[in-house]
Amino acid sequence: MLQYRTAALAGFGTQCWWGGIKVMVLAAFYGGASMAGTPMSLTQAITYSWLSQGLLVLVPWLGDPEVAQAVRTGAVAYDRLRPVDAYALWFARSAGWIAARVLPRVALMAAFAAVALPLVGLGDWAWKPPASFAAAIAFLASSVLALLLSTSMVMLLNIAATAALNERGINALAGPVVIVFSGNLLPLMLLPNAWQTALLLQPFAGVVDIPARIYFGLMSGWQAMAGLGLQSFWIVVLVVFGRMAMQRTMRRLEVQGG
Amino acid sequence: MGSLRLLMRLVAASLSGQARYPASALMLTTGQFLGTGIEVIAVWALFHRFGEVQGWQLGEVALFYGLVNCMFAVADALGRGFDTLGTEFLRTGAFDRLLLRPRPVALQLMGHDFRISRAGRLLQGALVLVFATVQANIAWTPAAIGIALFALAGGAALFLGILVLQGTLSFWTVESLEIANVLTYGGVQAAQYPLALYAQWFRRVLTFIVPLACVAYYPALAILGKPDPLGAPAWMGLVSPLAGFVFLAAAFGVWRFGLRHYASTGS
């Protein structure tokens, strides 16, 4: 991370700009219409935008580039020879890869949106603290689950890239789906009411949207527990599925070069 | 050989190279189509929930969206060479070879990597324009078509100028920096909504520093026959796309300065 300080700061600048435009557009939409029937307030929608910008790298739209490279160069053969479970090895590596990028960005984004914005007098557009202490604790738990869930999805992308020997096409197709359904594009609650149940139950909601709902106290008590349970359920399903897919792929894999 | 013919040849060579891998080209184009299409979902969902935004209807906003995406698709297809300048040419030293050829370097870069996949964004923008025409009842009179084409040309020039600036920056940084995305993709994102929604300082940036408003907002108002809620005169949309060409000329000025100060890595 620190070796690429300029690149990381540049990425952070991009995320701030993006978040800023989102916030201005949301404010404009909220400004005119009748507020009856909006499931979340403008303040919440704004905090949601900053939160999802901070958690951006948690959104599983890319396979781990190291795995893709190992497959292309044939280095994947070494991973097959190691006396450890290959799935567990890649899982741990991908989880580390994601966590190492997410933590500094969340911290920077919080510093910008929660501290710097109110200081320059843009308090209305700032990142607000969680609904309560309990919500904060539950949010932390949910974030850890989100990291694991995200990793189990990245694993599927890794395996697909291994099967296809090329990650670019898969990454290009996975991106749009994940960005919409995780809530990164727009809070899922602002999408049409008729879709809400389906949107909440699908696996991508656990990456950004469920942690965010818990953060605002829109899910609390039993509902928060149900949210955490839903995240855990999808982690288990995706890990089991990923293990099976990986076994099949690895059996068929022809290692390139030497 | 004239510059334009040379560019055409380079573009044709680049395209036929990508056509050798049809499945990959198709997948990348589809990816571009879907990837740029997701923003439509956000726009649509917000209108679905809120009905309108400060008096703007979905069809009208779709016109901005379609115009901006078409102009960026054209510039992005032409200007990707400037994006890869740092990683592909400067670091490897391959740039020195371009300098030895008795042709403009910028021209060689533009033809170097003309991306088929950008057709995905262009198609998506065009579809949104059709949608806007139906929804907002846009009358495509010859005058309106003229304004739209002028705006598209100005917008493509503006975005190309941004890519040229990004390339110029890599003379100093060697890296191709993600920060340029603020102006390219971020510019597309900002310009796909009516300027009137934004805070005043942001409107000024988009008009006087990076004149996105001049190539999208004012011409679209002229096409819609809608007065500017902020009070700009109606003829503004007829001349404002010129700002895109001015921006491109300025960008090439900076480019020449960068080129003069370029020192090879020697590798």
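Colleague: Quick question: what am I supposed to make of the overall build of chain A here?
Modeller: When you go through chain A residue by residue, the secondary structure sums to 10 helices and 0 strands. Reading chain A from its N end, one meets helices and strands in the order α-α-α-α-α-α-α-α-α-α. For 258 residues, the compact-globule estimate of 2.2 N^0.38 gives 18 Å, and chain A sits close to it at 20 Å. Taking the principal axes of the C-alpha coordinates as reference, chain A spans close to 60 × 40 × 30 Å. In chain A, buried positions account for 52% of the 258 residues. A sequence separation of at least 24 residues applies to 78% of the contacts in chain A between residues at least 6 apart. When the accessible surface of chain A is summed, it comes to about 11700 Å², and 69% of that surface belongs to carbon and sulfur atoms. Both charge centroids of chain A, one from 15 positive and one from 8 negative side chains, sit 1 Å from each other.

Colleague: What should I look at first to understand the overall build of chain B in this one?
Modeller: Scanning chain B from N- to C-terminus turns up 13 helices and 0 strands. Starting at the N terminus and walking to the C terminus, you meet the elements of chain B as α-α-α-α-α-α-α-α-α-α-α-α-α. Taken over C-alpha atoms, the radius of gyration comes to 19 Å for chain B, in line with the 18 Å a tight globule of 267 residues would show. Dimensions of chain B, computed from the C-alpha atoms along their principal axes, are close to 60 × 40 × 35 Å. Expressed as a percentage of its 267 residues, the buried residues of chain B come to 52%. Look at the contacts in chain B between residues 6 or more apart in sequence, and 80% of them connect residues 24 or more apart. Of the roughly 11600 Å² that chain B leaves accessible, carbon and sulfur atoms contribute 68%. Separation between the mean location of the 17 positive side-chain charges and that of the 11 negative ones in chain B comes to 9 Å.

Colleague: Can you help me understand the interface of chain B and chain A in this one?
Modeller: It is common to give the size of an interface as the accessible area lost on bringing the parts into contact. Taken together, the contact between chain B and chain A spans 32 residues of the former and 37 residues of the latter. Regarding the contact of chain B and chain A, the summed buried area is about 3200 Å², with carbon and sulfur atoms giving 80% of it. When the buried area of chain B at its contact with chain A is split by residue, B:I38, B:R49 and B:F50 rank highest and sum to 22% of it. Applying the counting rule to chain B against chain A returns 0 salt bridges. Our count for the chain B to chain A interface comes out at 5 residue pairs in polar contact (both at pLDDT 80 or more). At the level of secondary structure, the elements contributing two or more residues to the side of chain B that touches chain A comprise helix 2 (22-50) and helix 8 (185-191) of chain B. Across the side of chain B that touches chain A, the residue classes tally to 21 nonpolar, 7 polar and 4 charged.

Colleague: Please clarify how helix 11 (residues 217-224) of chain B should be interpreted in this entry.
Modeller: At 3.6 residues per turn, the α-helix brings residues three or four places apart onto the same side. All names here are of chain B. Most of helix 11 is tucked away, with 6 of its 8 residues classed as buried. Taken residue by residue, helix 11 has Y217, Y218, P219, A220, L221 and I223 as its buried positions. On its buried side, helix 11 packs onto helix 3 (58-90), helix 7 (142-173), helix 9 (200-209), helix 10 (212-215) and helix 12 (236-239). Following helix 11 by one or two positions, G225 adopts a phi angle in the positive range, close to 65°.

Colleague: Whenever I open this one, the confidence of the model for chain B confuses me. Can you help?
Modeller: Interpretation of the predicted coordinates at a detailed level should be avoided for regions scoring low in pLDDT. Put simply, chain B has an average pLDDT of 86, and 97% of its residues get 70 or more. The complex model carries a pTM of 0.85, and its ipTM stands at 0.84.

Colleague: Could you clarify how one ought to interpret the pattern of salt bridges in this entry?
Modeller: Any two side chains of opposite charge can pair if their charged atoms end up close together. Counted according to the given criterion, the structure contains 5 salt bridges over all chains. The salt bridge involving A:D85 is made with A:R243; its shortest N-O contact spans 2.6 Å. One end of the pair, A:D85, is in the loop between helix 4 (76-81) and helix 5 (86-119); the other, A:R243, is in helix 10 (residues 222-252), with 158 residues separating them in the sequence. When its relative accessible area of 34% is taken as the criterion, A:D85 is described as partly exposed. Salt bridges sharing common partners tie together B:D76, B:R80 and B:R118.

Colleague: Just checking my understanding: could you explain the packing of helix 2 of chain B against helix 6 (residues 119-136) of chain B for this structure?
Modeller: The description of two packed helices rests on the angle between their axes and on the distance between the axes. Residue and element names in this part refer to chain B. At their nearest, the axes of helix 2 and helix 6 sit 7 Å apart, and the two run at 40° to each other. Considering their axes alone, helix 2 and helix 6 lie oblique with respect to each other. For the pair helix 2 and helix 6, the crossing hand works out as right-handed. Together, T29, Q32, F33, T36, G37 and V40 of helix 2 and A119, G120, R121, L123, Q124, L127 and V128 of helix 6 make up the contact between the two elements. A per-class count over the contact of helix 2 with helix 6 returns 6 nonpolar, 6 polar and 1 charged.

Colleague: Explain a nonpolar patch on the surface here, please?
Modeller: All names here are of chain B. Judged by side-chain polarity, W235, L238, V239, L242 and F245 come together as a nonpolar surface patch covering roughly 490 Å² of accessible area. Of all elements in the fold, only helix 12 and helix 13 (242-260) reach the threshold of two or more residues within the nonpolar patch. Among the structural elements, L238 can be located in helix 12.

Colleague: For this particular structure, what's the right way to read unusual backbone geometry?
Modeller: Leaving glycine out, the prevailing phi sign among residues is negative, and the prevailing peptide bond configuration is trans. Residue and element names in this part refer to chain B. Backbone geometry places Q54, a non-glycine residue, at a positive phi of 45°. If you trace the backbone, Q54 turns up in the loop between helix 2 and helix 3. Backbone geometry places N137, a non-glycine residue, at a positive phi of 55°. With respect to the element layout, N137 can be found in the loop between helix 6 and helix 7.

Colleague: Is there a simple way to explain the environment of A:G20 in this structure?
Modeller: Residue and element names in this part refer to chain A. With respect to the helices and strands, the residue G20 is situated in helix 1 (residues 5-32). Among the residues examined, G20 registers a relative accessible area of 18% and is labelled buried. For the pair G20 and S49, spaced 29 residues apart in the sequence, the C-alpha separation amounts to 8.8 Å.

Rules behind the numbers
- Residues numbered from 1 in each chain as written.
- Chains lettered and ligands numbered in written order.
- Predicted model: local features only at pLDDT ≥ 70, side-chain atom pairs only at ≥ 80, totals over all residues.
- Heavy atoms only, no water.
- Helix = DSSP H or I, 4+ residues; strand = E, 2+ residues; numbered from the N terminus.
- Rg over C-alpha atoms; globule rule 2.2 N^0.38 Å.
- Buried < 20%, exposed > 50% of the residue type's maximum accessible area, 1.4 Å probe, protein only.
- Contact = heavy atoms within 4.5 Å.
- Areas by Shrake-Rupley, 256 points an atom, 1.4 Å probe, with all protein chains shown as cover.
- Lys, Arg positive; Asp, Glu negative; His and termini not counted.
- Charge placed at Lys NZ, Arg CZ, Asp CG, Glu CD.
- Buried area = accessible area lost by both parts, 1.4 Å probe.
- Salt bridge = Lys/Arg side-chain N within 4 Å of Asp/Glu carboxyl O.
- Polar contact = N/O pair within 3.5 Å; in protein donor to acceptor, adjacent residues only side chain to side chain.
- Nonpolar A, V, L, I, M, F, W, Y, C, P; charged D, E, K, R; others polar.
- pLDDT = per-residue confidence, 0-100.
- Axes fitted to C-alpha atoms, helices over the stretch in contact; angles between N-to-C directions.
- Parallel < 35°, antiparallel > 145°, perpendicular 65-115°, else oblique.
- Left-handed = near helix turned anticlockwise from the far one by under 90°.
- Patch = residues over 30% accessible without salt bridge, like charges linked within 9 Å, V, L, I, M, F, W, Y side chains within 5 Å.

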